[in-house]
Amino acid sequence: MLLPTLRQLQYLKLLAEQGSFGRAAESAHVTQPTLSAGIQELERTLGAPVVDRARSGVILTAVGEEALRRATVILNEAEELVEAAKNAGQPLTGRFRLGVIPTIAPFLLPVALPLLRERFPKLRMFLREDLTQRLIASLKAGQLDAALIALPYDMSGLNWAHVSDDELFAAVPADHFLARQESATPEELEREGLILLEDGHCLREHALAACGLKPPKAADEENFAATSLPTLVQMVGSGLGVTFLPAMAVEAGLAKAAPVAVRRIDAANPSREIVVAWRAGSNRGVEGKLLAETLRRP
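Residues numbered from 1 in each chain as written. Predicted model: local features only at pLDDT ≥ 70, side-chain atom pairs only at ≥ 80, totals over all residues. Heavy atoms only, no water.

Trainee: Which residues make up the overall build of the protein, and what values go with them?
Mentor: When helices and strands are counted, the protein shows 11 helices and 10 strands. Computed over its C-alpha atoms, the radius of gyration of the protein comes to 24 Å, more than 25% above the 19 Å expected for a compact globule of 298 residues. If you line up the protein on its principal axes, its C-alpha atoms span 75 × 50 × 30 Å. Going through the 298 residues of the protein one by one, you find that 49% of them count as buried. Look at the contacts in the protein between residues 6 or more apart in sequence, and 71% of them connect residues 24 or more apart. As displayed, the protein has an accessible area near 15300 Å², and 53% of this comes from carbon and sulfur atoms. In the protein, the 32 positive side-chain charges and the 36 negative ones have mean positions that sit 7 Å from each other. (Helix = DSSP H or I, 4+ residues; strand = E, 2+ residues; numbered from the N terminus. Rg over C-alpha atoms; globule rule 2.2 N^0.38 Å. Buried < 20%, exposed > 50% of the residue type's maximum accessible area, 1.4 Å probe, protein only. Contact = heavy atoms within 4.5 Å. Areas by Shrake-Rupley, 256 points an atom, 1.4 Å probe, with all protein chains shown as cover. Lys, Arg positive; Asp, Glu negative; His and termini not counted. Charge placed at Lys NZ, Arg CZ, Asp CG, Glu CD.)

Right under this line is the structure:
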């Protein structure tokens, strides 16, 4: 059976990304006739057209979309094969693409990156900060080698290694009556007007679940929500409500940026688990575990 070549699959991927034969050929460092011939050969192999050629550019056919989906997986596996061969016996050397969620990146990375550079001088780390759901989608698509995220989360199709347990604290205005207590209950925090990160940040769900609280209904949602933890702290310091902060943010001094008091939460286990995750079956498993071990707190 005649099979597509990796070069032909690369041409298809570049064509989908660039939207024209000219730009795709330029990205592939070949002439346009060469790329066009490669696509035509791919179409003969598949027995169906993969692109519709229009004045506005190229549009993938249904066969082309399916071929692109499978080509992405095949090309990612081929890249991993090359990286694995280059780095055989030398984990965490060469290129490593790590995704990190925003409620971890600014607090753990400033400490972790110098340590990684010291222990693995040949490592070329490429970082991407994004929300959990998008990082996991990129991980499963082979666009990332590993991701530093927080559990609980749906981890089907992934493996992971434990880094640390990150306790959640209550943050209240410095002149609030709860600031005069040693701790606060989830019910007290709920009554005092919770300000949460906007929907999509897993810390929002982690905090509510850890404290046994239900997500606010759309009709009952307060007027205020935050897009980041620094913004959240400023809002609490301004007296707009109370919130949750992870221990790593508190230890990094985030609560000192505004008149905010931090108190423990009276709940069974108010925390989240920080892990390094990678695709199940990926040859990055050894490196994922080594990365988690390096990041692990004593």
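Trainee: Give me the packing of helix α1 (residues 6–18) against helix α3 (residues 32–46): which residues, what numbers.
Mentor: In the contact formed by α1 and α3, the axes pass within 9 Å of each other and the chain directions differ by 110 degrees. With respect to each other, α1 and α3 are oriented roughly perpendicular. Contact with α1, carried on its side by Gln-8, Leu-9, Tyr-11, Leu-12 and Leu-15, involves Thr-34, Leu-35, Gly-38, Ile-39, Glu-41 and Leu-42 of α3 and no other residues of that element. (Axes fitted to C-alpha atoms, helices over the stretch in contact; angles between N-to-C directions. Parallel < 35°, antiparallel > 145°, perpendicular 65-115°, else oblique.)

Trainee: Residue-level account of the pairing of strand β9 (residues 260–265), with values.
Mentor: Across 4 bridges, the pairing between strand β6 (residues 158–173) and β9 is antiparallel. Residue pairing across strands places Ala-171 opposite Val-262, the latter belonging to β9. (Pairing = 2+ DSSP bridges.)

Trainee: I'd love a proper account of the nonpolar core, names of residues and values included.
Mentor: The biggest cluster of nonpolar side chains holds 72 residues, and the ones touching the most others in it are Ile-104, Leu-148, Ile-149, Leu-189, Leu-229, Phe-244 and Val-276. It is β6 that contributes the most residues to this core, 7 residues altogether. Setting aside residues no more than four positions away along its own chain, Val-276 makes contact with Ala-146, Ala-147, Leu-148, Asn-159, Trp-160, Ala-161, Val-163, Gly-288, Leu-291, Ala-292 and Leu-295. Ranked by size, the runner-up nonpolar core spans 20 residues in total, among them Leu-15, Ala-28, Val-51 and Leu-60. (Core = buried A, V, L, I, M, F, W, Y, C linked by side-chain atoms within 4.5 Å.)

Trainee: Can you explain unusual backbone geometry? Please cite residues and give values.
Mentor: Here the bond from Leu-151 into Pro-152 is cis, since omega is 10 degrees, no more than 30 degrees from zero. Its place among the elements puts Pro-152 in the loop between β5 (146–151) and β6.

Trainee: Before we move on, could you go through the side chain of Arg-279 and cite the residues and values that matter?
Mentor: Relative to the helices and strands, Arg-279 is located in strand β10 (residues 271–279). Among the polar contacts made by the side chain of Arg-279, one reaches the main-chain carbonyl oxygen of Leu-139 at a distance of 3.4 Å. (Polar contact = N/O pair within 3.5 Å; in protein donor to acceptor, adjacent residues only side chain to side chain.)

Trainee: Lay out the pairing of strand β4 (residues 123–129) with the relevant residues and their values.
Mentor: Relative to β4, strand β3 (residues 94–100) is paired through 7 bridges, and the arrangement is parallel. Along β4, the bridge assignment pairs Phe-96 with Met-125. Once the chain exits β3 it traverses helix α5 (residues 105–119) before rejoining the sheet at β4, and the crossover so formed is right-handed. (Right-handed = clockwise from strand over helix to strand, strands pointing away.)

Trainee: Describe the pattern of salt bridges, and please don't skip the residues or the numbers.
Mentor: One pass over the full model with this rule turns up 12 salt bridges. The shortest N-O distance in the salt bridge between Arg-204 and Glu-205 comes to 3.8 Å. Look at Arg-204 and you get buried, because its relative accessible area is 8%. For Glu-205, a relative accessible area of 35% gives the class partly exposed. A salt bridge links Arg-284 to Glu-287; its shortest N-O distance comes to 2.6 Å. What makes Glu-287 buried here is its relative accessible area of 7%. One connected set of salt bridges, linked through shared partners, spans Arg-97, Asp-145, Arg-284 and Glu-287. (Salt bridge = Lys/Arg side-chain N within 4 Å of Asp/Glu carboxyl O.)

Trainee: Which residues make up the packing of helix α2 (residues 21–28) against α3, and what are the values?
Mentor: To characterise two packed helices, one gives the angle between the axes of the helices and the distance between these axes. Across the interface, α2 lies against α3 with an axial gap of 8 Å and an inter-helix angle of 100 degrees. The angle between α2 and α3 falls in the class roughly perpendicular. Touching Phe-21, Gly-22, Ala-24, Ala-25 and Ala-28 of α2 are Gln-32, Leu-35, Ser-36 and Ile-39, all from α3. For the contact of α2 with α3, the residue count by class is 6 nonpolar, 3 polar and no charged. (Nonpolar A, V, L, I, M, F, W, Y, C, P; charged D, E, K, R; others polar.)

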